[in-house]
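Commentary on secondary and tertiary structure
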Amino acid sequence: MARLSAGLVVLLLLLAATGAGAHAFLDRAEPRVGGTVRTPPAQVTLWFTERLEPAYSRVKVVNAAGQQVDKADGSVDSNDPRMLRASLVPLGPGTYRVIWRVLSVDTHVTEGDFTFRVGS
Amino acid sequence: MRHCLAVVVSLLMVLAVVAPVSAHGLAGKRFFPSTLAIDDPFVSDELTLPNVLHIKRRGSGDEPPAQETSFSGEFSKRITPNFGISFEGALVHVDPDEGESLTGFENLEVGLKYQAFTSAAHEAIVSLGLGWEVGGTGRKATGAESFDVVTPAIFFGKGFGDLPDSLSALKPFALTGLVGLAIPTRAKSRTVKVDGDEVEVEIERHPNVVKWGFALEYSLPYLTSYVRDPGLPSFMRRLIPLVELELETPIDRGQGGLTTGTVNPGIIWAGRFFQVGVEAVFPINERSGKNVGVRGMLHFFLDDLFPTSIGRPLFGR
C-alpha cells in the first residue's frame, strides 16, 4: 500500500506539472492583512498563490464609509502575474477595506477582503 | 433494496440542478479541508489515498484485544457541480493478542451527496447524503458483514468569518459535522456451531445506529489572508489545527444509548494540490477502547490537478 501511494504521488505530481492550476489564494499583502501603517501607503499590493487572469481579476479599496479610495486602476502586474495592485488617493487616518476577486489561469474564481489601518 | 437505491439516486439526480458551487470545500472565503475521521460536507473531485488508522481495539465476547491497522482510500467525483458520488474501500490487518493475524478488505462503501445549500457570505454549506455499505464485498473474518447498511445523513459546514470585527480572533474558526442513521438490512444474524453432539446457536442483533460527529477547525490560512497576518513562515501559513469527534449511538435491539467513539485532535497542512494530516485517536469511554491510536491521511485535490478533465463535473460547470 505504501509503494502504491508513493507511486501515485509521483504520477500525480508529474501530471500536475503539465497543466494543473490551483485556486488562487491570497498569499500576502502590502499593507499587511489586518496591519497598521503610520505612513499612508500610495498603493495596495496583493500576492496570490497562483497566476491570475488579468481580464477577470479585480481589487477595490474602500474607507469606513464605503467610499472607494483607490484610483480604479487595479490590475495584474505585467511582469508578475501573481501580483495584483491598485493606486490609492492620499489616505487619512482610519480603517480601510481591500476587496478582491480573482480568476486563476485555470478558471478557478476566489474572492476575499481584509482591512488595514492608517494611523498610530 | 437496490430498487429503493435506484429511486433515491434518481430523485437526487433530479434535485441536482446546476447552481454556482465551488469544489474543493469552498464557501465564499472559507476553505474547508477534508477531515480525517468524519465525512466532509461538500461535493468535490478529490482522492484520499491512503487514510491510515492504527489502534488497539478492546476485546469483546470471545474476541481478544487486537492491534488493528487499516489502509483506506476514497475517490469522490462530481456528477454535476453540486451532486457527487464517492467510492471507499479499506484493507484491514488485525493482529489479536491470541491467535493468528488476519488481513482482509472491508465492505465497499458507495456514497451520494447533494450540496443543497451554499452561502458565500455566511461561509455555510448544507448537504444531504446517502451511504451504502455493500454487504458481502469484504472479508467476513476481519469484520465485514454479509448484509447491506444504508445511511441517510445530513452534513453541514460553517465558518465564523461573518462574526463582527470586534470578534476577529474567532473568525478563523469553522465547524463541520454530520448526523446520519445507519440502517442495516438485516436485524439479526444466526450462527450455528457444531461441537461433537452439541449444537450452539448464536444470535447477533444488528441495531440501527445514529452516526454523528463534528470537526472544529482553526484555519491559519484564513487568519493570514483575511484577518491578520502575523508574519508566519510560509509552512505555518497553511496549517489547520483541528479536533474531530466521531461518534456512534445504537438506538435499538438491546444496545440503545451505548455510545462509542473517539476524540481526534490533530493538524492538517493544505498545499496547492494536496493536503496531509495526522491525528491522535482517543477513545471517549471504556466501551470504545482503552488505547490511543493514530491516524494519517494524504488527500489530493483533483479539481486543481486536472481542472479540464477528471477534476471537473461530468455535467454542468
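All figures in this text were calculated on a predicted structure; none of them were measured in a lab.

The rules behind these values
- Residues numbered from 1 in each chain as written.
- Chains lettered and ligands numbered in written order.
- Predicted model: local features only at pLDDT ≥ 70, side-chain atom pairs only at ≥ 80, totals over all residues.
- Helix = DSSP H or I, 4+ residues; strand = E, 2+ residues; numbered from the N terminus.
- Rg over C-alpha atoms; globule rule 2.2 N^0.38 Å.
- Buried ≥ 20, exposed ≤ 12 C-beta atoms within 10 Å, placed from the backbone.
- Contact = placed C-beta atoms within 7 Å.
- Pairing = 2+ DSSP bridges.
- Nonpolar A, V, L, I, M, F, W, Y, C, P; charged D, E, K, R; others polar.
- pLDDT = per-residue confidence, 0-100.
- Core = buried A, V, L, I, M, F, W, Y, C linked by C-beta atoms within 7 Å.

1. A look at the overall build of chain B
- Along the backbone of chain B there are 3 helices and 17 strands.
- Scaling as 2.2 N^0.38, a compact globule of 317 residues should have a C-alpha radius of gyration of about 20 Å, and chain B matches this with 21 Å.
- In terms of overall dimensions, chain B has C-alpha extents of about 75 × 45 × 35 Å along its principal axes.
- Looking at chain B residue by residue over its 317 residues, the buried ones come to 40%.
- Long-range pairs, those at least 24 residues apart, make up 61% of the contacts in chain B between residues at least 6 apart in sequence.

2. Describing the sheet that holds strand S7 (residues 94-103) of chain A
Residue and element names in this part refer to chain A.
- Spatial ordering of the open sheet is given by S2-S8-S7-S4, a layout of 4 strands whose pairing is mixed. On the outer flanks of this sheet lie strand S2 (36-37) and strand S4 (58-62), each paired with one strand and no other.
- As paired strands, S4 and S7 are joined by 5 bridges and run antiparallel to one another. Residue pairing for S7: Lys 60 is matched across the bridge by Ile 99.

3. Structural notes on the interface of chain A and chain B
- Each partner contributes to the interface: chain A provides 24 residues, whereas chain B provides 21 residues.
- Within the residue set of the side of chain A that touches chain B, elements represented by two or more residues are helix H1 (2-16), strand S1 (26-30) and strand S8 (109-118) of chain A.
- Split by residue class, the side of chain A that touches chain B holds 11 nonpolar, 8 polar and 5 charged.

4. Focus on the sheet that holds strand S6 (residues 83-87) of chain A
Residue and element names in this part refer to chain A.
- The strand order S1-S3-S6-S5 describes an open sheet built from 4 strands, whose pairing is antiparallel. Of all the strands in the sheet, just S1 and strand S5 (75-76) have a single pairing partner and so form its edges.
- The pairing of S5 with S6 spans 2 bridges and is classified as antiparallel. Its bridge partner being in S6, Val 76 is matched across the sheet by Leu 84.

5. Description of the confidence of the model for chain B
Residue and element names in this part refer to chain B.
- Confidence along chain B averages 90 in pLDDT terms, with 92% of residues attaining 70 or more.
- Residue range residues 7-21 is modelled with pLDDT below 50. Its contacts to residues more than four positions away, or to other chains, number 22 contacts.
- Here the complex is predicted with pTM 0.87, and the ipTM for its interfaces comes to 0.82.

6. Digging into the nonpolar core
- Of all hydrophobic cores here, the largest spans 24 residues; its most connected members are Ala 29, Val 44, Leu 46, Phe 48, Val 59, Leu 84 and Val 98 of chain A.
- Sorting the residues of this core by element identifies S1, strand S3 (43-48), S4, S6, S7 and S8 of chain A together with helix H2 (220-227) of chain B as the ones contributing at least two each.
- Excluding residues within four positions of it along the chain, Phe 48 of chain A makes contact with Ala 24, Phe 25, Leu 26, Asp 27, Arg 82, Leu 84 and Val 102 of chain A.
- In this structure, Ala 37, Leu 178, Leu 242 and Ala 270 of chain B belong to the second largest nonpolar core, which totals 12 residues.

7. Looking at the environment of Gly 266 of chain B
All names here are of chain B.
- By the element assignment, Gly 266 lies in strand S15 (residues 260-270).
- With 22 C-beta atoms counted inside 10 Å, the residue Gly 266 sits in the buried group.
- Sequence separation of Gly 266 and Glu 217 is 49 residues, and the distance between their C-alpha atoms is 9.7 Å.
- If near-sequence neighbours (up to four positions away) are discounted, Gly 266 is found in contact with Leu 36, Leu 242, Gly 277, Val 278, Glu 279 and Ala 280.

8. Observations regarding the confidence of the model for chain A
- Here chain A averages 86 in pLDDT, while 82% of its residues score no lower than 70.
- Here residues 13-18 of chain A scores under 50 on pLDDT; set against residues more than four positions off or in separate chains, the count is 3 contacts.

9. Considering the pairing of S15 of chain B
All names here are of chain B.
- Sheet topology note: the strand S14 (residues 239-250)/S15 ladder contains 10 bridges and is antiparallel. Paired with Val 243 across the strands is Pro 265, a residue of S15.
- Bridge count for S15 against strand S16 (residues 274-283) is 7 bridges, and the pairing is antiparallel. In the sheet register, Thr 262 faces S16, and the bridge partner there is Pro 283.
- Connecting S15 to the antiparallel partner S16 that follows it, the hairpin turn spans 3 residues.

10. A word on unusual backbone geometry
- In this chain, Glu 30 of chain A is followed by Pro 31 of chain A through a cis amide linkage whose omega measures 0°.
- If you trace the backbone, Pro 31 of chain A turns up in the loop between S1 and S2.
- Cis geometry marks the peptide bond from Leu 49 of chain B to Pro 50 of chain B; its omega dihedral reads -5°.
- A positive phi angle, near 55°, is found at Ala 72 of chain A, a position not held by glycine.
- Tracing the backbone through its elements, the reader meets Ala 72 of chain A in the loop between S4 and S5.

11. Digging into the pairing of strand S5 (residues 83-96) of chain B
All names here are of chain B.
- Pairing of strand S4 (residues 66-80) with S5, which is carried by 14 bridges, proceeds in the antiparallel orientation. Looking at the pairing, Glu 74 lines up with Glu 88 of S5.
- Where S4 folds back on S5, the antiparallel hairpin that results is connected by 2 residues.
- Pairing analysis gives 6 bridges linking S5 to strand S7 (residues 109-119), with the strands arranged antiparallel. Considered in S7, the bridge of Phe 87 is made with Val 110.
- Bridge count between S5 and strand S6 (residues 102-105): 4 bridges; the pairing is antiparallel. When the bridges of S6 are listed, Val 92 appears paired with Gly 104.
- Adjacent in sequence and paired antiparallel, S5 and S6 are bridged by 5 residues, among which Gly 99 carries a positive phi angle near 100°.

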